[in-house]
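# Summary of structural features
Next come the chains, spelled out residue by residue.
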Amino acid sequence: MTITNQKVSNQKSHESAVGHVSGKAVYTDDQRLPAGMLSLYPVLSPHARAKITKLDCTAAYEVAGLVTILTADDISGENNTGVIIHDEVMLPTDEVSYWGQVVVWAVGETEEAARQGAAKVIVEYEPLPAILSIQEAIAADSYHLDKRVIKRGEPDTALQNSDRTLQGELEVGGQDHFYLETHTSWVVPDGENGYKVYSSTQHPSETQVIVARVLGLPNSHVVVTCLRMGGAFGGKESQANPFAAAAAVAAHKTGRPARVSLRRHQDMIVTGKRHNFLGKYQVGFTNEGLITAIKAELYAEGGWSLDLSPPVLMRAMMHIDNAYYVPHLEVQGWIAKTNRVSNTAYRGFGGPQGMIVCEEIIDRVARTLGLPPEVVRERNFYHGTGETSTTHYGQDIVHNRIALVWTEAKEKSRFSDRQAEIAQFNQTSAYKKRGIAITPVKFGISFNKTEYNQAGALVLIYTDGSIQVNHGGTEMGQGLHTKMLQVAAKSLGVKLERFRIMPTSTDKVPNTSATAASSGSDLNGQAVKAACETLRNRMATVATKMLNLDAPEDLVFEDDWIYCRTYPSARIAFDEVVKRTYSDRISLSANGFYRTPNIFWDAQLNKGRPFYYFSYGTAVSEVEVDGFTGTFKLRQVDLVQDVGESINPLLDKGQIEGGFVQGMGWLTMEELLWNDQGRLLTFAPSTYKIPTVSEVPEQFHVHLLERAAQEGVIFGSKAIGEPPFMLAMSVREAIRNAVAAFGNASQVSLAIPATPEATLWAIEAVKSDSLTAVKA
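Values in this document were obtained by computation on a predicted structure and should not be read as measured data. (Residues numbered from 1 in each chain as written. Predicted model: local features only at pLDDT ≥ 70, side-chain atom pairs only at ≥ 80, totals over all residues. Heavy atoms only, no water.)

### Points about the overall build of the protein chain
Counting secondary structure elements, the protein chain contains 19 helices and 29 strands. Taking 28 Å as the expected radius of gyration for a compact globule of 776 residues, we find that the protein chain reaches 28 Å, a close match to that expectation. Principal axes of the C-alpha set define a box for the protein chain whose edges measure 95 × 80 × 50 Å. When burial is assessed residue by residue, the protein chain has 62% of its 776 residues classed as buried. Long-range contacts, defined here as pairs at least 24 residues apart, represent 81% of the contacts in the protein chain between residues at least 6 apart. When the 74 positive and 86 negative side-chain charges of the protein chain are each reduced to one mean point, those points stand 3 Å apart. (Helix = DSSP H or I, 4+ residues; strand = E, 2+ residues; numbered from the N terminus. Rg over C-alpha atoms; globule rule 2.2 N^0.38 Å. Buried < 20%, exposed > 50% of the residue type's maximum accessible area, 1.4 Å probe, protein only. Contact = heavy atoms within 4.5 Å. Lys, Arg positive; Asp, Glu negative; His and termini not counted. Charge placed at Lys NZ, Arg CZ, Asp CG, Glu CD.)

Structural data, given as structure tokens:
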């Protein structure tokens, strides 16, 4: 039995596109309110660390419509929402650990009643010393878990024998997820000790586990459904859990439905961010710019609890090489324990932080030698076979496409010609300078934790020929559901109009992994395909009898028909076979399951093959920097991304564009600021700047690598969610290139994020160094 190239357009628009732009798409908080729905509102800690000396809720009950106040005493199960270790108290009993921590929840007939009730709660504190930065954590030896180390070769010896060495450090800022839909959860009790949870979560199964834990119930008593999310970017992988748990505690205590829907400022205050990092490094290199050794220390700020910090740190450590072979490399990693929000997953999951440290090293080496940075990058690429194509954690790089995407990006962008044009412009422009840079990306695809690399699906065919698809991935706007419909249509050889994609729910597909690590299409696509193949095999047996044929394997499923490959006129409609299959009492529902093969990881040695494959990309960015204001204009971007054989180029290009712009925001404008009491100052759009359409260049060219089908993945496609984020490193390097044009400094230091203020300081430093050099 075969499937031909099913005529399903791979340019299909997002399955919910009309709903998104018309406002008809239903999110968690858009549903019809059930009778008696209650609303929750938090009381937040005004201290980064303090002992709770008094909690008095008496006055709150004087508010009309206030139903109850939730405290730790109302939790019937475990008062903890930690996902790796149980270190995350849901409601504190004696001490608060960060500014903005939820102390109690007010529950009201309306959100306004809950808000007024929360304002009446009296909490008194005794402030305690707090740790508010990575540097303070280092000084206090305050860490989550032990140091992690990945080592190859003998870096100490190699450093001693290198032609040249450099050392330095780089502070890497965090980033707020700033999804359109804030954290929202509804919990509806069924009256039989069961709970239906609607949550804006990337990980329904984990939310199910946490809610059940907090309520003291078996997992089977909790059903979690994710309708869709208005963005997530990692911020709803683990951080949705405490809000769903709070609504569940309220539903359990009152016996009524309850909801949590955070306001924007609450969401920004309470939730974790991208981990800010401190990177320290020593690098050895030859006079030709070949890197011989790197010793690096990476400090990730975990915050008050562990959350997902260990795998985030490990991915940073595994990606500190980016696209470059370093024969002697040692990277040590720590998770700083501070009294700030518990930082969490974010697009790239630590990879961007490790890679930007590497790109900082590359630029410093290049400027020390007086070489163009792109030349040093090229000279250090992974290449060939054997040792020069093996990572520092022991994984061989097969199907290496670094040079391929790099060369194509240089050609399509006219990189060399534009360098000359920019140099000529800079000679005649005193107050505005332009810069251009090209940077590569090599990013590993799979979950760090091997057991998460699995997925399930449930496909149901009804007697009228319509089909329902359930899978374990969640839709957050990225188009996963659209791709799954395309996979199902191609696998069954039918038209897309037959299908209905169902909201992700733990009672349809259990024990799912988070939709994260860029693996949503890879894992769930294979599971959907497996379910469809089971159904197709069953129907092929029936169709063979109906067509008076002998060999089911000779049948072709295409365009709603089933026919014999060698005798095409012998055909029958898909609907007819569905009806006969039912009449023959053969099941028209099937489960599909997939687990990623041939991956493993030794957590003791920090060695193995953690990634199923690598995704590659290259970006060329050109900027113009204003010497008076420090602002920059992104003039042109040319991207080449390896997506394999794209299932849907329209969606993939959208992901590439969005990921790149989000990465640019992290590196150039999204600045998180706290005061010396640990209070977040940038908790609203008025104080926290994200990229807008005005930052997107008119010349924005996205090229998908052609003839690039990948073996062993769903229909030859490759992951696309995270890799484009790191392409934005080219913007920072282009700004650095423009800043350098204001003077003649040997090095150009540029903060992350490179805000206008930071860029102005960099320009002044370059001018000052140039004057010093002239006087000398």
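So much for the structure itself; the text now carries on.
### Observations regarding the pairing of strand 12 (residues 258-261)
Here strand 12 shows two buried faces, one formed by Ala258 and Val260 and the other by Arg259 and Ser261. Direction of pairing for strand 1 (residues 38-44) relative to strand 12: parallel, over a ladder of 2 bridges. Paired with Leu38 across the bridge in strand 12 is Ala258. Examined bridge by bridge, strand 9 (residues 184-189) and strand 12 share 4 bridges and lie antiparallel to one another. What sits directly across from Val187, in strand 12, is Ala258. (Pairing = 2+ DSSP bridges.)

### Quick notes on the sheet that holds strand 8 (residues 164-172)
One open sheet holds the 5 strands; their spatial order is 7-15-14-13-8, and the pairing between them is mixed. With one partner strand each, in any of the chains shown, strand 7 (143-152) and strand 8 form the two edges of the open sheet. Neighbouring strand axes in the sheet, compared pairwise and without regard to direction, differ in orientation by 10° on average. Bridge count for strand 8 against strand 13 (residues 277-285) is 9 bridges, and the pairing is antiparallel. Within strand 13, the residue paired with Glu169 across the bridge is Lys280. (Axes fitted to C-alpha atoms, helices over the stretch in contact; angles between N-to-C directions.)

### Brief notes about the packing of aromatic side chains
Going through the model one piece at a time under the given rule, you end up with 16 aromatic pairs. Seen from their ring centres, Tyr346 and Phe725 are 6.5 Å apart, and the 55° between their planes marks the pair as tilted. Taken together, the residues span a long stretch of sequence, with Tyr346 in the loop between strand 15 (328-337) and helix 9 (351-369) and Phe725 in helix 17 (residues 723-726) at a distance of 379 residues. A network of ring pairs unites the aromatic residues Tyr393, Trp601, Phe611 and Phe614 as a single cluster. Sitting above the plane of the Phe178 ring, Arg264 keeps its charged end 4.7 Å from the centroid. Over the ring of Trp666 we find Arg274; its NZ or CZ atom is 5.1 Å from the centre of that ring. (Phe/Tyr/Trp six-rings, centres within 6.5 Å; stacked < 30°, edge-to-face > 60°. Lys NZ or Arg CZ within 6 Å of the ring centre and 35° of its normal.)

### A few points about the nonpolar core
Ranked by size, the top nonpolar core spans 147 residues in total, and within it Leu298, Ile461, Phe499, Ile562, Leu639 and Phe660 carry the most contacts. Once residues within four sequence positions are removed from consideration, Leu639 is found in contact with Thr618, Ala619, Ile656, Phe660, Phe700, His701, Val702, His703 and Leu727. Core analysis: the next-biggest nonpolar cluster, separate from the first, contains 44 residues, Leu91, Leu217, Val224 and Ala244 among them. (Core = buried A, V, L, I, M, F, W, Y, C linked by side-chain atoms within 4.5 Å.)

### Looking at the pattern of salt bridges
Tallied over the full model, the rule gives 40 salt bridges. Between Glu706 and Arg707 there is a salt bridge, and its shortest N-O distance comes to 3.6 Å. Residue Glu706 shares its accessibility class with Arg707, and that shared class is exposed. Here Arg736 ties to Glu733 by a salt bridge, and the two come within 3.1 Å at their closest N and O atoms. Pair noted here: Arg736 and Glu733 are both in helix 18 (residues 729-740), with a separation of 3 residues, about one helical turn. The exposure class of Arg736 is buried, given its relative accessible area of 0%. Judged by its relative accessible area of 3%, Glu733 falls in the buried class. (Salt bridge = Lys/Arg side-chain N within 4 Å of Asp/Glu carboxyl O.)

### A closer look at the UniProt feature "domain: Aldehyde oxidase/xanthine dehydrogenase a/b hammerhead" (unreviewed entry) in the protein chain
UniProt tags residues 22-129 as "domain: Aldehyde oxidase/xanthine dehydrogenase a/b hammerhead" (unreviewed entry). This span, residues 22-129, is 10% helix and 31% strand, and a straight line between its end C-alpha atoms measures 51 Å. (UniProt positions renumbered as here; feature names shortened; annotations may be inferred.)

### Quick notes on a nonpolar patch on the surface
A contiguous nonpolar surface patch, about 260 Å² in accessible area, is contributed by Ile84, Ile85 and Leu145. Within the secondary structure, Ile85 is located in the loop between strand 3 (66-70) and strand 4 (95-96). (Patch = residues over 30% accessible without salt bridge, like charges linked within 9 Å, V, L, I, M, F, W, Y side chains within 5 Å. Areas by Shrake-Rupley, 256 points an atom, 1.4 Å probe, with all protein chains shown as cover.)

### What about unusual backbone geometry?
Here the residue pair Ile752 and Pro753 is connected by a cis peptide bond, since its omega of 5° sits within 30 degrees of zero. Along the chain, the position of Pro753 falls in the loop between helix 18 and helix 19 (756-775). Even without being glycine, Ser518 reaches a positive phi, approximately 60°. Mapped onto the elements, Ser518 comes out in the loop between strand 20 (504-505) and helix 14 (520-546). With a phi close to 60°, Arg585 is a non-glycine residue in the positive phi region.

### Topic: the environment of Lys653
You can see Lys653 is positioned in helix 16 (residues 649-668). For the pair formed by Lys653 and Thr687, sequence separation is 34 residues and the distance between their alpha carbons is 30 Å. Other than its neighbours up to four places away in sequence, Lys653 contacts Val702 and Leu704.

### A look at the side chain of His144
Checked against the element boundaries, His144 lands in strand 7. Residue His144 is classed as buried on the basis of its relative accessible area of 7%. Engagement of the side chain of His144 in a polar contact is seen with the backbone oxygen of Gly303, the distance being 2.9 Å. Once you skip the residues sitting within four places of it in the chain, His144 turns out to touch Asp87, Gly302, Gly303, Trp304, Ser305, Leu306, Ile335, Ala336 and Lys337. (Polar contact = N/O pair within 3.5 Å; in protein donor to acceptor, adjacent residues only side chain to side chain.)

### Description of the sheet that holds strand 3
As a general point, the strands of a sheet are linked pairwise by backbone hydrogen bonds and lie either parallel or antiparallel. Spatial strand order, 3-5-1-12-9-10-11-20: 8 strands in an open sheet with mixed pairing. The sheet is open, and its two edges are formed by strand 3 and strand 20, each paired on a single side. In this sheet, strand 11 (residues 222-226) lies alongside strand 10 (residues 195-199) in parallel orientation, the contact comprising 4 bridges. Considered in strand 11, the bridge of Val197 is made with Val224. Where helix 2 (residues 111-120) meets the sheet, it contacts strand 1, strand 3, strand 5 (102-108) and strand 12, and its direction lies at approximately 25° from that of strand 1.

### Here we look at the pairing of strand 22 (residues 561-564)
Side-chain positions along a regular strand alternate between the two faces of the sheet. Pairing between strand 21 (residues 555-558) and strand 22: 4 bridges, direction antiparallel. Within strand 22, the position partnered with Phe557 by the bridge is Ile562. Counting the residues in the hairpin turn of strand 21 and strand 22 gives 2 residues, including Asp559, whose phi is positive at 50°. Pairing of strand 22 with strand 23 (residues 571-573) involves 3 bridges; the strand directions are antiparallel.

### Remarks on the side chain of Asp652
Note on placement: Asp652 falls in helix 16. Judged by relative accessible area, which is 1%, Asp652 ranks as buried. Here the side chain of Asp652 touches Lys483 through a polar contact of 2.7 Å, side chain to side chain. The contacts of Asp652, once residues within four sequence positions are left out, are Lys483, Val643, Ser646, Ile647 and Ile720.

### Observations regarding helix 16
Over its 20 residues, helix 16 extends 28 Å from the first C-alpha to the last, a length consistent with the 28 Å expected when each residue adds 1.5 Å. With 15 of its 20 residues buried, helix 16 lies for the most part within the structure. Its side-chain oxygen placed 3.1 Å from the backbone nitrogen of Leu650, Asn648 serves as the N-cap of helix 16. (Expected span 1.5 Å × (residues − 1).)

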